[in-house]
Amino acid sequence: MDGGIYDSDHEDFRDAVGEFLRREVWPRTDELIAGHTIPRDLWLTAGRQGLLGLEVPEEYGGSAANDYRYNAVLIEELAKVSMALASSFSIHFDVVAAYLVTMTTEEQRARWLPSFATGESVTAIAMTEPSAGSDLAALRTRAERTGDGWVLNGSKTFITNGYSADLVVVAARSTPGTRSKGITLFGAESTRPGFARGRKLDKVGQPEADTAELYFQDLRLPEENVIGTVDRGFVHMMNGLPQERLGSAVANLAHARQILTETLEYAKERHAFGAPIGSFQHNKFLLADLYTRIEVTQAYVDRCVMAHTHQALTAIDAAKAKWWTAQVQNEVIDHCLQLHGGYGYMNEQRVGRAWRDARITKIWAGSNEIMKELIGRDLGL
């Protein structure tokens, strides 16, 4: 069933993205996995294709689509290749873009956005700390005022694009003794003294995404690198999280749908006991169940995409979309692996890699448990 939220322009864009992926990415998937990174030449190619500046104003080299559906189309197509690809690129063009476009000064936009749109500058966002995961108000990275700016000290972990990022949006505590009211956002260029990267983290899945620890030791930043309002960083992050969680939901569902589509073909071709395994009643009923879960979930995600396109998506609806799609994604792909039998457990099989890649989606962007807590509070509980 077509949800009807995309018009011919969106589908033309989808075709262009698909062609880019077939030409530039699919032939290199093994290379990306082995290298544990997305090479800079791929970022630059994506920039030339106009894929990184969907929210960037035209005067800075973007397309200023002003329509979240284009973001959703791009995330869907990336997730069909792998969750890591969708995560790494969407952190840049979907998550960080929102901060750099809507919360910056004219000078900051002129300084940061042109290279952002071309892929010459890769970005990341540094919220999570070793001692504070989903509890963003408990972060300990400190930002202290000096005569001409700020000095940052602290560390961040699990930062997607952290190993290769040129510019990182950093959340730091600017007023001691407070929680959410004393946090400020900064743009930190990786070339500045005091900015250091730890090891590239060895994750269970998504090896293509370079995820790293970041350290700040007397990192000096000028006043001109403050993003938004001093001490209002927590509010800025809360305003940005619905889009990040919706992007996660879009990726979760597209990833699961792609693996399910591939599993259906496998079930038609793989024979056991003289018949295709998909013809056995249990497997037939299971596939009917999985397809129904995907389609019903898609209806809700499409509704959320349209709401966000019209700037009407609530934080609670985004939380519902994030946790539910993560749950459906993991359940669907687990069944898909089971249908592949022993072959599904092999690293060279896409279904096995997808199974590992999907597990983090119930944790990142706010764990599923935190999403349910938010929804429960909204119910008055």
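Up top is the structure.
Colleague: Could you clarify how one ought to interpret unusual backbone geometry in this entry?
Modeller: Backbone geometry follows two general trends: most residues other than glycine have a negative phi, and most peptide bonds adopt the trans configuration. We note that Ala64 has phi near 45°; this positive angle belongs to a residue other than glycine. What makes Ala64 partly exposed here is its relative accessible area of 23%.

Colleague: Any chance you could explain the nonpolar core here in plain terms?
Modeller: Burial of nonpolar side chains together is a common tendency in soluble globular proteins. Membership of the largest hydrophobic core comes to 61 residues, with the highest contact counts inside it found for Leu85, Phe89 and Val305. For this core, the secondary structure elements donating two or more residues are helix H1 (8-25), helix H3 (40-48), helix H4 (68-81), helix H5 (83-102), helix H7 (233-269), helix H8 (281-309), helix H9 (315-340) and helix H10 (350-358). Element by element, the count of residues in this core is highest for H7, at 11 residues. Apart from the residues lying within four places of it in its own chain, the contact partners of Phe89 are Ile38, Leu42, Trp43, Ala46, Leu52 and Leu78. Within the second largest apolar cluster, 27 residues are counted, among which are Ala97, Tyr99, Leu113 and Leu136.

Colleague: Looking at this structure, how should I read the pairing of strand S7 (residues 211-222)?
Modeller: Working note: regular strand, side chains alternate between the two faces of the sheet. Where strand S3 (residues 149-160) lies against S7, nine bridges are found, and the strand directions are antiparallel. By the bridge assignment, Ser155 is partnered in S7 with Tyr215. With four bridges joining them, strand S6 (residues 195-200) and S7 adopt antiparallel strand pairing. From the neighbouring strand, Phe195 faces S7, where its bridge partner is Phe216.

Colleague: Sorry, what's going on with the packing of H1 against H3 here?
Modeller: Angle between the axes and distance between the axes are the two parameters that describe a pair of packed helices. Direction vectors running N to C along H1 and H3 enclose 155°, while the axes themselves pass 12 Å from each other. By the angle between their directions, the pair H1 and H3 is classed as roughly antiparallel. The way H1 lies across H3 gives a crossing that is right-handed. Residues Phe20, Glu24 and Val25 of H1 form the contact with H3, whose own contacting residues are Leu42, Thr45 and Ala46. A per-class count over the contact of H1 with H3 returns four nonpolar, one polar and one charged.

Colleague: I keep staring at the packing of aromatic side chains and nothing clicks. Help me out?
Modeller: In this description, an aromatic ring pair is defined by two values, namely the gap between the centres and the angle between the planes. Tallied over the entire structure, the rule returns six aromatic pairs. Relative to Trp324, the ring of Trp323 lies with its centre 5.5 Å away and its plane at 90°, an arrangement referred to as edge-to-face. Seen from the ring of Tyr6, Arg14 lies directly overhead, with NZ or CZ sitting 5.3 Å from the centre. The lysine or arginine in question, Lys372, covers the ring of Trp323, its NZ or CZ lying 4.5 Å from the ring centre.

Colleague: When you look at H7 in this model, what are you seeing that I'm missing?
Modeller: One turn of the α-helix equals 3.6 residues, which is why residues spaced by three or four share an orientation. Between its first and last C-alpha, H7 extends 53 Å over 37 residues, near the 54 Å set by a 1.5 Å rise per residue. At Gly240, H7 shows its largest bend, some 30°, and a proline, Pro242, comes one to four positions later.

Thresholds, definitions, all that
Residues numbered from 1 in each chain as written. Predicted model: local features only at pLDDT ≥ 70, side-chain atom pairs only at ≥ 80, totals over all residues. Heavy atoms only, no water. Buried < 20%, exposed > 50% of the residue type's maximum accessible area, 1.4 Å probe, protein only. Core = buried A, V, L, I, M, F, W, Y, C linked by side-chain atoms within 4.5 Å. Helix = DSSP H or I, 4+ residues; strand = E, 2+ residues; numbered from the N terminus. Contact = heavy atoms within 4.5 Å. Pairing = 2+ DSSP bridges. Axes fitted to C-alpha atoms, helices over the stretch in contact; angles between N-to-C directions. Parallel < 35°, antiparallel > 145°, perpendicular 65-115°, else oblique. Left-handed = near helix turned anticlockwise from the far one by under 90°. Nonpolar A, V, L, I, M, F, W, Y, C, P; charged D, E, K, R; others polar. Phe/Tyr/Trp six-rings, centres within 6.5 Å; stacked < 30°, edge-to-face > 60°. Lys NZ or Arg CZ within 6 Å of the ring centre and 35° of its normal. Expected span 1.5 Å × (residues − 1). Bend = angle between axes of the 7 residues up to and from the residue.

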